[in-house]
Amino acid sequence: MSTTLAIANQKGGVAKTTTVASLGAALAESGHSVLLVDLDPQACLTFSLGIDPEDLETSVHHVLTKGLDAREAIIPTDDGVHLLPATIELARAEADLLTRTGREHVVKSALEQLEDDGAGYDWVLLDCPPSLGVLTVAALTAARAVVVPLQCETLSHRGVGQLLDTVHDVRRFTNRKLEVWGVLPTLYDGRTNHARTVLETISDAYDLDVIEPPIPKSIKFAEAPAVGRSILSTSRSHKGAQAYRDVAANLVKRAGSR
Ligand SMILES: Nc1ncnc2c1ncn2[C@@H]1O[C@H](COP(=O)(O)OP(=O)(O)O)[C@@H](O)[C@H]1O
Ligand SMILES: [Mg+2]
């Protein structure tokens, strides 16, 4: 059975997409089959894995709104993971879904269909858009757990309460068992006391676990998407790549201990 994680935070630029690409590559490296789902109409995950959305005939939008079998849209990538890509059409899907019955369940049904067809994955990582709209709620509804990437700077906590309110609603109405695995500190500069203080404040205030280790801030992360790979292939032994491998190992442990 697969473990589905939603990587969510309605704030942009906190490394959701980078986390999905890098964790996915780390899980694949350690022998897991991995599906990444791009749920952001900006299609940054799709781009960063070397795929030009303009070249695609089918994408996640067809799967969510037109009932296309996900297998028809999934593509293998050079990073060893499979991708259900997005295009800008997904922006329209968000609007289309608003008036649909069962819209919260569209991601979940697509993934269940894959499993029913014997085409499931060990891990499915959902790259959420920077909003708490239909697509994020659908991701939370499909997920076993949510991981919240967080840049440890002042005021970064302001969105966390809202996200947790959404998680509570999802638990009440569409996914009773949704777990919160915690915050993942990203773009982390451990040399400053500031980053550490912010992290402690947030995890205390919201009673959230901190997923270890923090992901260091490095220019290497900006270089990888330009060549369509994750940092795990472009800078194999960089401490940023190693941090994602360690996070992946910790998540694998967590998934196994229900
Ligand atoms: N650990 C890091 N160090 C430095 N830059 C990073 C790091 N992680 C991500 N970035 C950069 O920060 C920007 C935003 O990251 P991204 O993953 O797109 O965030 P989100 O999906 O939350 O909007 C990108 O330019 C990315 O390359
Ligand atoms: Mg993103």
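Residues numbered from 1 in each chain as written. Chains lettered and ligands numbered in written order. Predicted model: local features only at pLDDT ≥ 70, side-chain atom pairs only at ≥ 80, totals over all residues. Heavy atoms only, no water.

## A few points about the site of ligand 1
Part 1 of the argument: Looking at ligand 1, there are 14 residues lining it, with G13, T17, T18, P216 and S218 nearest.
Part 2 of the argument: Residue K16 places a side-chain N or O atom 2.9 Å away from an oxygen atom belonging to ligand 1.
Part 3 of the argument: Against a free-state accessible area of 570 Å², the protein chains account for coverage of 76% of ligand 1.
Part 4 of the argument: Counting only elements with at least two residues in the shell around ligand 1, the list comes to α1 (16-29) and α9 (220-223).
Part 5 of the argument: It is α1 that contributes the most residues to the shell around ligand 1, three residues altogether. (Near = heavy atom within 4 Å. Polar contact = N/O pair within 3.5 Å; in protein donor to acceptor, adjacent residues only side chain to side chain. Areas by Shrake-Rupley, 256 points an atom, 1.4 Å probe, with all protein chains shown as cover. Helix = DSSP H or I, 4+ residues; strand = E, 2+ residues; numbered from the N terminus.)

## Looking at the packing of aromatic side chains
Part 1 of the argument: Taken as a whole and assessed by the stated rule, the structure comprises one aromatic pair.
Part 2 of the argument: Aromatic pair F221 and Y244: ring centres 5.8 Å apart, planes at 70°, arrangement edge-to-face. Within this pair, whereas F221 is found in helix α9, its partner Y244 is found in helix α11 (residues 239-256), the two being separated by 23 residues in sequence. (Phe/Tyr/Trp six-rings, centres within 6.5 Å; stacked < 30°, edge-to-face > 60°.)

## Topic: the pairing of strand β1 (residues 3-7)
Part 1 of the argument: By the criterion of burial, β1 is predominantly enclosed, with five of the five residues buried.
Part 2 of the argument: Burial along β1 is two-sided: T3, L5 and I7 facing one way and T4 and A6 facing the other are all buried.
Part 3 of the argument: Bridge analysis of β1 against strand β5 (residues 123-127) gives five bridges, and the strand direction is parallel. Directly across from A6, in β5, lies its bridge partner L126.
Part 4 of the argument: Relative to strand β6 (residues 145-151), β1 runs parallel, the two being bridged by three bridges. Bridge assignment links I7 to a residue of β6, and that residue is V147. (Buried < 20%, exposed > 50% of the residue type's maximum accessible area, 1.4 Å probe, protein only. Pairing = 2+ DSSP bridges.)

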